[in-house]
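# Descriptive analysis of the structure
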Amino acid sequence: MVPLNTRIANKATTLPRGGGPDGRSPVYVAKGTFVTYNVYTMHRRTDIYGPDALEFRPERWAPEEGLRPGWGYLPFNGGPRKQISNCSPRYIIQSPQLAFQHDLPVTNFAPLGICVGQQFALIEASYTIIRLLQEFRSMENRDSREWTENINLTLAIATGVKVAMVPR
Amino acid sequence: MISKIPRDGSTIDLQTLFFQLTLDSATEFLFGESVNSLLSSEGSEQQSFGRAFDAAQVSIGNFNILGKLGGYFAKDDFEKNCKIVHDFVDKIVYKTLKEVDPSDSEKNLVPNGGRYVFLTETAKVTRDPKQLRDESLNILLAGRDTTASLLSHTFHVLARRPDIWKKLQAEIDDLNGKKPDYETIKQMRYLKYVLTECK
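Below: a short report on this structure. It should be emphasised that the depicted structure is a prediction, and the values quoted were computed from it without experimental measurement.

### With respect to the overall build of chain B
- Counting its secondary structure elements, chain B contains 8 helices and 1 strand.
- Expressed along its principal axes, the backbone C-alpha trace of chain B runs to roughly 55 × 50 × 30 Å.
- The 199 residues of chain B split such that 35% are buried.
- Sequence-distant contacts in chain B: of pairs separated by 6 or more residues, those separated by 24 or more amount to 52%.

### Side note on the interface of chain A and chain B
- Listed per partner, the contact involves 49 residues of chain A and 54 residues of chain B.
- Elements that contribute at least two residues to the side of chain A that touches chain B include exactly helix H3 (118–135), strand S7 (136–141), strand S9 (155–157) and strand S10 (162–167) of chain A.
- A per-element tally of the side of chain A that touches chain B places H3(A) first, with 16 residues.
- Among the residues making up the side of chain A that touches chain B, the classes are represented as 30 nonpolar, 10 polar and 9 charged.
- Both S10(A) and strand S1 (residues 12–13) of chain B contribute to a ladder of 2 bridges, which runs antiparallel. What sits directly across from A:Val163, in S1(B), is B:Ile12.

### With respect to the environment of B:Thr96
- Note on placement: B:Thr96 falls in helix H3 (residues 75–99).
- Other than its neighbours up to four places away in sequence, B:Thr96 contacts B:Leu119, B:Thr120 and B:Ala123.

### Considering the sheet that holds S1(B)
- With respect to topology, 3 strands assemble into an open sheet ordered S7(A)-S10(A)-S1(B), the strand pairing being antiparallel. The strands lining the two open edges of the sheet, one partner per strand, are S7 of chain A together with S1 of chain B.
- Where helix H5 (residues 129–160) of chain B meets the sheet, it contacts S7 and S10 of chain A, and its direction lies at approximately 85 degrees from that of S7(A).

### Side note on the environment of B:Gln20
All names here are of chain B.
- You can see Gln20 is positioned in helix H1 (residues 14–31).
- The spatial distance from the C-alpha of Gln20 to the C-alpha of Asn36 is 8.1 Å, given a sequence separation of 16 residues.
- Contacts of Gln20, omitting those with residues within four sequence positions, involve Ser37, Leu38 and Gly50.

About the thresholds
All residue numbers refer to positions counted from 1 along the written sequence of the respective chain. Written order determines the labels here, with chains lettered from A and ligands numbered from 1. This being a predicted model, a pLDDT of at least 70 is required before a residue's local features are given, and a value of 80 or more before pairs of side-chain atoms are given or counted; all residues contribute to the totals for chains, interfaces and linings. Under the DSSP-based scheme used, a helix requires at least four consecutive residues in state H or I and a strand at least two consecutive residues in state E, with every element numbered from the N terminus. Here exposure depends only on C-beta density: within 10 Å of a residue's C-beta, 20 or more other C-beta atoms make it buried, 12 or fewer make it exposed, and intermediate numbers make it partly exposed, the C-beta atoms being placed from the backbone. What counts as a contact is two residues whose backbone-derived C-beta atoms lie within 7 Å of each other. Here the term charged refers only to Asp, Glu, Lys and Arg, the term nonpolar to Ala, Val, Leu, Ile, Met, Phe, Trp, Tyr, Cys and Pro, and the term polar to all other amino acids, Gly among them. For two strands to be treated as a pair, DSSP must find no fewer than two bridges joining them. Only C-alpha atoms enter the line fits that serve as axes; for helices the fit covers just the stretch in contact. Angles between N-to-C directions range over 0 to 180 degrees.

Below you can see the structure in the form of structure tokens.
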């Protein structure tokens, strides 16, 4: 999980919102400006995810709930990526849709996220979770402390994940 | 990894295991052979590599926060850790450079049984050992720490939310204990929601 990320403007441009006294006017971005965005905060925006944005509620992603955050959900980033292939190099504008969420065939995954390791990461994480839950009946929390961040380039947990596992 | 988890109810830090697991799987993909940190003993070269890689990142984070002041912040340790990481990767890089040589048709055969190995493929494009090391470490960081942190957060939540554990296990029990393949994983909806919510 990468909680923060930065883009540098390679030319002078404007962003549609963020300027003016109420932050609703366009904002000027000079060439060379670092634009940092906080994915951790974006994913907790109540205007996108509703009043329970802070709650851990997997069901919010069920299609029936109709949640479509678009660019408000950026776990694997988005934007143009230079494609290196046997054909001449080209740029593809990618939309940061929930590739894993939609049941698209594998060949359709590539242009959706900017992260080349997206599929690998999700399959690796899924496989690990499945195998652990097959092996263990339950898990006991052994740490009463609050979650504390350990933030470097990725976001880990300062207190670790101290548990006891109960075999099947 | 599963065999490293105690079955007698004693406490274990899963986060440590997840960072070892993803170090092992990422290095297998990058270098063609895993460093097997989960299997190696405490203090082994493999575990020191993982530890130095983590510690060097903490230093980089501190340098970023402190800016110019970072120059006073435990530079010695940082350089020591970088050297451990670089030496470890360089050994593999030089071995690969010896094995892969696009100008030599004899050596251009695909090693590793036709499997994609990042370093082997990159060595066909550049012969610069420093670039090969940098590209490998870049992918290692991107492919390893991210997944380990996703798994850690998932289990951090599951340890505190038995209701979610129960729903997840119900879906997983539909496999009847069979190890999942790619297609099966793709079809597991609740697992997908949990991971999407965790990110």
